[in-house]
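# Breakdown of the fold
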Amino acid sequence: MILDLDIGNTLSKWRLKDAESSEIRSRGAVWTREEWRPGADIPDLDVVEAVRISSVARAAVLEETVTLLRHKVRHVYVAHSTPEALGVVNGYEEPSRLGVDRWMGALAGYQLAGGCCAVDCGSAITIDFVLPGGVHLGGFIIPGLRLMKESLKLGTRNVAIDPESEADALLEPGRRTVDAVNHGIYMAAVSAINRIYSEVCDQQGITLPVLLTGGDARVVSRGVQVPHAVWPDMVYGGLEASFPLTFTERAGKMSGAPRVPEPVSLEKIRAGLAFSMLL
């Protein structure tokens with residue numbers, strides 16, 4: 001079995017992948033903690049032959065996790081943000097300072113679509129652009145839905161936005177404080193994503209397929225105005241592309257990869273921007 005880990009500042013997600021068939025056998029998530037300790041909510045390491053890790057947690061958390069795993073597992077691969085990988089040139093002035101989850105998403109998106117806008121809707125919402133040809137432009141970071149809600153300190157943090165809610169309902173004025181908060185932060189998030197995408201496409205003279213991942217991707221997806229796809233395993237896809245271990249991975253296939261959405265025309269993007277300037 002192959003254990004893939006996506007260690008975030010708040011939540012650590014994992015999945016077990018069959019090394020022979022490439023099928024996903026199980027998956028789960030735990031709160032990020034000081035050490036990776038097998039238990040009821042963590043897979044048995046005795047069946048794991050290789051681990052691949054993407055981590056944005058504190059260096060000490062990653063170091064302790066890797067130390068523990070190397071006592072149990074034969075092969076441990078840790079992803080890092082590099083100046084260039086898999087045909088993509090890192091757009092950061094200091095490439096190592098780009099969050100490795102963003103780098104994995106950019107690499108996966110490029111392998112899938114040959115240029116993309118990768119949006120990760122987690123604790124923060126990150127928006128990264130990779131042009132055809134592999135130039136990573138850099139990106140944008142805004143607070144995620146939960147961070148925005150917590151910043152208001154109105155006692156509504158534990159009332160989540162229903163991922164099944166229709167975008168039109170979420171964009172209406174709220175008639176209760178909790179709804180006013182939820183609708184306001186939703187409007188802020190999706191408006192920022194839509195505007196950033198349009199502005200960058202206009203600047204670069206190109207439209208790109210949009211790929212969304214992260215815990216809030218489903219609900220954010222409902223307010224994204226351009227064609228897009230939700231890819232929950234996008235960071236895992238970057239790990240697969242960076243450290244291919246199975247036959248299908250070596251053939252360039254990433255688990256759960258969606259059909260690439262066809263972007264709208266640049267003319268439509270520019271017309272929308274022009275209209276917004278008039279308002």
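Residues numbered from 1 in each chain as written. Predicted model: local features only at pLDDT ≥ 70, side-chain atom pairs only at ≥ 80, totals over all residues. Heavy atoms only, no water.

On to the overall build of the protein chain. Within the protein chain one finds 9 helices and 12 strands. By the compact-globule yardstick of 19 Å for 279 residues, the protein chain fits well, its C-alpha radius of gyration being 19 Å. Taken along the three principal axes of its C-alpha coordinates, the protein chain extends 60 × 45 × 35 Å. Once local pairs closer than 6 in sequence are excluded, the contacts in the protein chain between residues at least 24 apart make up 59%. (Helix = DSSP H or I, 4+ residues; strand = E, 2+ residues; numbered from the N terminus. Rg over C-alpha atoms; globule rule 2.2 N^0.38 Å. Contact = heavy atoms within 4.5 Å.)

Our next topic: the sheet that holds strand S5 (residues 75-78). Overall, mixed pairing links the 5 strands, which are arranged S3-S2-S1-S4-S5 in an open sheet. The open sheet has two edge strands with one neighbour each: strand S3 (24-31) and S5. Sheet twist, expressed as the average angle between the axes of neighbouring strands with direction ignored, equals 15 degrees. Across the sheet, helix H7 (residues 234-242) lies against strand S1 (2-7), strand S2 (11-17), S3 and strand S4 (50-55), angled at about 125 degrees from S1, the strand it touches most. (Pairing = 2+ DSSP bridges. Axes fitted to C-alpha atoms, helices over the stretch in contact; angles between N-to-C directions.)

For a regular strand, the rule is simple: side chains alternate between the two faces of the sheet. Of the strand pairs in this sheet, strand S9 (residues 124-130) and strand S10 (residues 136-143) are connected by 7 bridges, and their pairing is antiparallel. Bridging from a neighbouring strand, Ala 124 pairs with Pro 143 of S10. If you look at the hairpin formed by S9 and S10, you'll find 5 residues sitting between the two strands, and Gly 133 has a positive phi there, around 100 degrees.

Next up on the list: the UniProt feature "binding site: ATP" (unreviewed entry) in the protein chain. In this numbering, the UniProt entry assigns the feature "binding site: ATP" (unreviewed entry) to Asp 6, Ile 7, Gly 8, Asn 9, Thr 10, Leu 11, Ser 12, Lys 13 and Ser 123. Judged by maximum C-alpha separation, these annotated positions cover 118 residues in sequence but sit close together in space, the widest gap being only 13.6 Å. As for its placement among the helices and strands, Asp 6 is situated in strand S1. Not counting residues within four places of it along the chain, the set of residues in contact with Asp 6 comprises Leu 11, Ser 12, Lys 13, Ser 54, Val 235 and Tyr 236. Here Ser 12 shows up in strand S2. (UniProt positions renumbered as here; feature names shortened; annotations may be inferred.)

Those residues of helix H3 (residues 145-152) that sit buried are Leu 145, Met 148 and Lys 149. Viewed end-on, H3 has its buried residues packed into an arc of 95 degrees, placing them on one side of the element. Close packing links the buried residues of H3 with S10, helix H5 (177-204) and helix H6 (217-221). Once H3 finishes, Lys 153 follows within two positions and takes phi at roughly 50 degrees, a positive value. (Buried < 20%, exposed > 50% of the residue type's maximum accessible area, 1.4 Å probe, protein only. Arc of directions from axis to C-beta.)

Take the domain arrangement of the protein chain next. Domain boundaries in the protein chain define domain 1 (2-78) and domain 2 (84-278). Computed from C-alpha atoms alone, the centre-to-centre distance between domain 1 and domain 2 is 25 Å. If you look at the interface, domain 1 gives 22 residues, while domain 2 gives 16 residues. Summed over both sides, the interface between domain 1 and domain 2 buries roughly 1,500 Å², with carbon and sulfur atoms accounting for 58% of that surface. On the domain 1 side of the interface with domain 2, the three residues burying the most area are Arg 15, Arg 52 and Ser 54, jointly 33% of the side's total. (Domains from an automatic or database assignment. Buried area = accessible area lost by both parts, 1.4 Å probe.)

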